[in-house]
There are 4 protein chains.
Amino acid sequence: MNFASDNSGPAHPKVIEAIVRANDGYAMPYGNDPYSIDVNDKIRDLFNAPHAAVVLVGIGTAANALALSTICPPWGRIFCHELAHIEEDECGAPEAMIGGGKLTLLKGDHAKITPKTLADAIAGSTAGIVHSHQPAALCVSNLSELGAASTPAELQALAKVAHAAGLKLHLDGARFANACAATGATAAEMAAPVDTLAFGGTKNGLMGVEAVVIFDPDAQWELELRRKRAAQLFSKHRFLAAQMDAYLTDDLWLEMAHAANAAATDLANGLRDAGVEIAHPVDGNQIFARPTRAQHRRLQDAGAAYYLHGSLEGPDEERVTCRLVTNWSTSQQDRQQFLAAL
Amino acid sequence: MNFASDNSGPAHPKVIEAIVRANDGYAMPYGNDPYSIDVNDKIRDLFNAPHAAVVLVGIGTAANALALSTICPPWGRIFCHELAHIEEDECGAPEAMIGGGKLTLLKGDHAKITPKTLADAIAGSTAGIVHSHQPAALCVSNLSELGAASTPAELQALAKVAHAAGLKLHLDGARFANACAATGATAAEMAAPVDTLAFGGTKNGLMGVEAVVIFDPDAQWELELRRKRAAQLFSKHRFLAAQMDAYLTDDLWLEMAHAANAAATDLANGLRDAGVEIAHPVDGNQIFARPTRAQHRRLQDAGAAYYLHGSLEGPDEERVTCRLVTNWSTSQQDRQQFLAAL
Amino acid sequence: MNFASDNSGPAHPKVIEAIVRANDGYAMPYGNDPYSIDVNDKIRDLFNAPHAAVVLVGIGTAANALALSTICPPWGRIFCHELAHIEEDECGAPEAMIGGGKLTLLKGDHAKITPKTLADAIAGSTAGIVHSHQPAALCVSNLSELGAASTPAELQALAKVAHAAGLKLHLDGARFANACAATGATAAEMAAPVDTLAFGGTKNGLMGVEAVVIFDPDAQWELELRRKRAAQLFSKHRFLAAQMDAYLTDDLWLEMAHAANAAATDLANGLRDAGVEIAHPVDGNQIFARPTRAQHRRLQDAGAAYYLHGSLEGPDEERVTCRLVTNWSTSQQDRQQFLAAL
Amino acid sequence: MNFASDNSGPAHPKVIEAIVRANDGYAMPYGNDPYSIDVNDKIRDLFNAPHAAVVLVGIGTAANALALSTICPPWGRIFCHELAHIEEDECGAPEAMIGGGKLTLLKGDHAKITPKTLADAIAGSTAGIVHSHQPAALCVSNLSELGAASTPAELQALAKVAHAAGLKLHLDGARFANACAATGATAAEMAAPVDTLAFGGTKNGLMGVEAVVIFDPDAQWELELRRKRAAQLFSKHRFLAAQMDAYLTDDLWLEMAHAANAAATDLANGLRDAGVEIAHPVDGNQIFARPTRAQHRRLQDAGAAYYLHGSLEGPDEERVTCRLVTNWSTSQQDRQQFLAAL
């Protein structure tokens, strides 16, 4: 009954098998092995972007920070939702890799930003005024931090506003696969409106691999230098490549996301049936549930793991907000046990 | 016949087994799993330093850069050998994580620094002069970049000079295990003189794990924040911990280093017998060999992989410098085949 | 009729005289001249802080950024008002000198922060969570960016909350003199609650000098190194020292602030009499006036200079917000001419 | 008898007069006053570069650091002489403003770099290797740090090598005027081979103004943002502009440099006549003299101010190296008194 994070689940057996296979014998380091060379082109194929700049890294925060550093100068302003991962959960890594930058926080239901909100923020910003940061980028998470998916059309609408003002659009795709599974969009369709992408794998069944994709054919060398300088270039790179290769083979990435999303939908339905409020759309694999504090305590006693947003102390009947996250391995038994404990 | 790098060899089967084992079921992310909690204490035990600050990262450059960032302020000067990894091979990552700093390059045979050289450099430096960097640290690689080992006594002599001038001593231990195997020193003996240590695993049979060890009990929280901000905190941290756990179990780390060192000694002897000059002491697992260009070409034609320092063009009989690196898996067959091709 | 900024006014004749006097003959550079050595002690006397660290710089942004860099680590969070100068008008200089940091924006009437707002923000922040910035400092402007003064007691109340949570308090004192003149507090009383201070001179009759004061006797050397590295150490430092010396002599700093404040009070009264709304308290030398757009146009036509917050386009009878700033040299004639043009 | 630095001399009376004149009445801040707008075009005229990007700053270190930050990425390598001001005397400000960068130190007589030395360094560097810094710029001081002038032809020869390898050439022109006076080159001729220039004023009779000139018409806005973010944009900018205006009027800048150079030549001749060795060419206003230690002591006793490179302790008859710097105001009486004391 571990719904703490998609990071708390195991890697998929095919991923482990790929790692074991990749360990056979010698391979040139730093991405010069056959696995690594092939996998970048497979990623380009996935996004129908034969000239995109691509590198692999081991951590999602690194993927976001590296991507943003290619589109935001030290004096640049990045608009993002006030709950964005880059604001809340990366301890300043984006600013560190940018060597500056400022995150300007926007509001929006379900941690999504509307084109109107973005347009207003840009209009009210300090473009052209030397005393302050210059609008440079928009960063959108899909899935959002509150579990909502954006369609390619929604991203396109944001991109239109951003691009019209000279901003680039970065997509924090830690749960990109879940968003594709939720909306039915292909990877290429989902990425079409964006300029840079962190294509997540770790939350979706890999041991630890993310791809940075820059849809600017001139960016490859700069991106590789940035990755190295950020201490994100793995010497035994074949192990990253092997994971990503398994991820892309037979659309395992999408298969795992479908499984995780289905588990979340199923669990959310069970929760609703049990009278638990659901605070945000369960488009992907995140559920923001509002049980009563008494229910929460029962779940804790039964050993369920998840994050509580708010205080354990208070009246029994008061509702608290809990984040539950499923992953490819979430079983029906886990869900039933959880609902039973409720 | 791959002697390109210790990074080109495979991970040890016990390491792979540990990863597979760790993949069983759920585990809290970001180092809050049982593997991760235990392994930090095992590292502290290894160094007989119960209160040391310890974190795991995936890349040696990150380990050096993080360690240095805890002992060098933005205006600090770090003395190191002119061939040091932090100068030559990290693309500015140390300066990036320090948020400044300056590497001041020292000379020394076999890429080792003598206490006299250090003392002279400190005396001639800009301590107390506001216009320039302030001496802050000495960084020593052991093994050195040219394959020479330093004994604990040699490190102690450097530490004495450094500490007398208020400098901290960082040990780049990418090949720390090989240095212990070469000198017979225990890990604790080798680390006793130093203030911060990058304890390498990746070059010595792991998939990709290094430990940063700061022998200052107050540094743990700062180190964890620095790691996070540098985008080096892995969510599925159990996989790093499992590797390090296997590494420490039954002294696998030392066993692998002994094997690599023995292979290098054996290969160096064979090379000498074949009339190839050896440019530096073969204390550990690195050989700087000087075959003739004709020999080099024959080796290349036979498919041997290693780095050539210098030009492929030139007279056949002229000697060229080649770096050959062994690892735990280097086989007798590899060596014989190599010598035969010569 | 120039009310654009206190920066648009001239330097006081006594300041110019001091510069001319200081130009006589030779003087050792970089703060080693007699003027410079004396003036730091005069500043310490003013604040009754004989061991404070003190340096002079030429620009207010540098003063804030340097001061903050001594109390906020790269992973630190600085709470400030959403209109704070460090957020709006310094183009990231604080983050640049800190080498990181994050400004977390608070709301508050008249650009002042209440202890309650601060306490709530600290309580809701990410202290102790490795994934995000750690609360490090509070930055308060006095005068506020909307012209309101804080008393020493108000600062003390904020300091109490900040210090209880381990935060340092930085005072952006670009208009420190106006705040003292407004409240009747001495410099020492006003600075007593704070840890670091940017003591402004440029907006108050100097050509361009600010003092950074760190009330931590151990900070002098670090502060000097930070100033040098930030390229803020003037070689012909005597000219900064001479200005500051004139500023402190016979309380010229306070005399000029009283004059500027009185001019603002007088002008605000005239505006009110003319039916212009005043949006915020006119405690010091800033007036946020709300004339009708028709009045604004008349003022523009008459050649009055000030900043309009909002659009020039719109109905004549609609009110617009204008910032008017007085300085030591603002004359009665300027005010009368302005009111007449209204 | 103050030969400590050209920074220890006074500002020229015409400069002071210009400041006094500029203090009359109101002027828009931050470079929007008439003085400031005019003076940038006057600088462009001087360099025959109508579209160059130009900003004024108050400090030479800031000028170098800002200029370099526009031509060197965080992973860039800057070649410079091992005695370069940016290496020895700026405490890391260039790296701070670049947000990275590495200075690679070259040797050369009289602190000058030869095209051959540069070509060899570029050839031996790490261009195209992701593990290390990428060659980005050459920084040359003219005058050199040891007083030697370079002609436009010499700079052109360096520029040719640099540009062929894709490097930009920055000229540290703290003593640019002295170099022009020494060689007879016009400002435009001297600057023709370079990409970026720090055009010094402070060492040559101004109170504290330097111009950053980027000979790339697209750089103006970026340069202004960089200046602001580096806290180098003065609010009362008219006082910088007025100084620079006086500097350019009737070639005062060149007149002062000629006076300083002539004083140095004269003093050097007197020293030679007195048996003092002169270590480097006295092309401009710096003399590296080698009196005996006994002579040095006599000069000290007589109150002469200059820098001693080496130890005060030692045999009387041993020679020591002293740096003597003249400026526009160095009088014949100063020189005679000095030679008499010898």
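Per an unreviewed UniProt entry, chain A goes by the name Low specificity L-threonine aldolase and belongs to Pontivivens insulae. Here chain A is described in UniProt, under the heading Cofactor (unreviewed entry), as follows: "pyridoxal 5'-phosphate".

A.B. asks: What am I meant to see in the domain arrangement of chain A here?
C.D. replies: Residues and elements named next belong to chain A. Considered domain by domain, chain A is made up of domain 1 (12-250) and domain 2 (253-341). In this structure, domain 1 and domain 2 have C-alpha centres spaced 28 Å apart. For the pairing of domain 1 and domain 2, the buried interface totals around 1,800 Å² over both sides, and the portion due to carbon and sulfur atoms is 58%. One can count zero salt bridges joining domain 1 with domain 2. At the level of elements, α8 (176-183) and α11 (238-248) are the ones that each hand at least two residues to the side of domain 1 that touches domain 2. Of the residues forming the side of domain 1 that touches domain 2, the biggest block, six residues, is contributed by α8. Looking at side-chain class alone, the side of domain 1 that touches domain 2 contains 15 nonpolar, seven polar and two charged residues.

A.B. asks: Explanation requested: the interface of chain C and chain D in the structure shown.
C.D. replies: Often the size quoted for an interface is simply the accessible area lost on bringing the parts together. Counting residues at the interface gives 52 residues for chain C, matched by 52 residues for chain D. Taken together, the two surfaces of chain C and chain D that pack against each other cover about 4,000 Å², and 60% of this comes from carbon and sulfur. Summed over the three residues of chain C that lose the most area to chain D, namely Y26(C), M207(C) and K236(C), the buried surface amounts to 19% of that side. If you look at where chain C meets chain D, you find zero salt bridges. Looking at the side of chain C that touches chain D, the elements that each hand over two or more residues are α1 (13-22), α3 (60-69), α5 (93-98), α10 (220-229) and α11 (238-248) of chain C. In the side of chain C that touches chain D, the residues fall into 26 nonpolar, 17 polar and nine charged.

A.B. asks: Please explain the packing of aromatic side chains as it appears in this structure.
C.D. replies: Between two aromatic rings, the relevant description is the distance of the centres plus the angle of the planes. Throughout the structure, instances matching the rule amount to 34 aromatic pairs over all chains. Taking the centre distance of 5.2 Å and the plane angle of 80° together, the rings of F3(A) and F338(A) count as edge-to-face. In this pair, F3(A) is assigned in the segment before α1 (13-22) and F338(A) in helix α14 (residues 332-341), connecting sequence segments 335 residues apart. Using a relative accessible area of 1% as the deciding quantity, one classes F338(A) as buried. When the ring of F47(B) is compared with that of F199(B), the centres are 5.3 Å apart and the planes differ by 90°; the resulting orientation is edge-to-face. Of this pair, F47(B) sits in the loop between α2 (34-46) and β1 (53-57) while F199(B) sits in strand β6 (residues 196-200), and the two are 152 residues apart along the sequence. This pair shows no difference in class: F47(B) is buried, exactly as F199(B) is. Aromatic ring contacts, followed pair by pair, group F47(A), F176(A), F199(A), F215(A), Y247(A) and W253(A) into a single cluster.

A.B. asks: Whenever I open this one, the pattern of salt bridges confuses me. Can you help?
C.D. replies: Pairs can form between side chains of opposite charge once their charged atoms are near each other. Applying the stated criterion across every chain, the model contains 56 salt bridges over all chains. For D120(B), the salt bridge identified is with K116(B), shortest N-O distance 2.6 Å. Highlighted residues: D120(B) and K116(B), both in helix α6 (residues 115-123), separated by four residues, approximately one helical turn. The class for D120(B) is partly exposed, based on a relative accessible area of 42%. For E277(D), the salt bridge goes to R319(D), with nearest N and O atoms at 3.1 Å. Of the two residues, E277(D) sits in strand β8 (residues 277-278) while R319(D) sits in the loop between β10 (307-309) and β11 (321-325), which places them 42 residues apart along the sequence. Among the charged side chains, a salt-bridge network with shared partners connects E87(A), E95(A) and K102(C).

A.B. asks: For this particular structure, what's the right way to read the relation of the copies chain C and chain D?
C.D. replies: Here two copies of a chain appear, and what relates them is a rotation about an axis with a shift along it. Once turned by 180° and shifted 0.0 Å along the axis, chain C lies on chain D with an RMSD of 0.0 Å. Between the two chains, the operation in question is that of a two-fold axis. Among all residues of chain C, the minimum C-alpha distance to the rotation axis is found for A230(C), at 3.8 Å. Same-surface contact between copies: 100% of interface residues of chain C are shared with the interface of chain D.

Reading guide: rules and limits
- Residues numbered from 1 in each chain as written.
- Chains lettered and ligands numbered in written order.
- Predicted model: local features only at pLDDT ≥ 70, side-chain atom pairs only at ≥ 80, totals over all residues.
- Heavy atoms only, no water.
- UniProt positions renumbered as here; feature names shortened; annotations may be inferred.
- Domains from an automatic or database assignment.
- Buried area = accessible area lost by both parts, 1.4 Å probe.
- Salt bridge = Lys/Arg side-chain N within 4 Å of Asp/Glu carboxyl O.
- Helix = DSSP H or I, 4+ residues; strand = E, 2+ residues; numbered from the N terminus.
- Nonpolar A, V, L, I, M, F, W, Y, C, P; charged D, E, K, R; others polar.
- Contact = heavy atoms within 4.5 Å.
- Phe/Tyr/Trp six-rings, centres within 6.5 Å; stacked < 30°, edge-to-face > 60°.
- Buried < 20%, exposed > 50% of the residue type's maximum accessible area, 1.4 Å probe, protein only.
- Least-squares fit on C-alpha atoms with pLDDT ≥ 70 in both.

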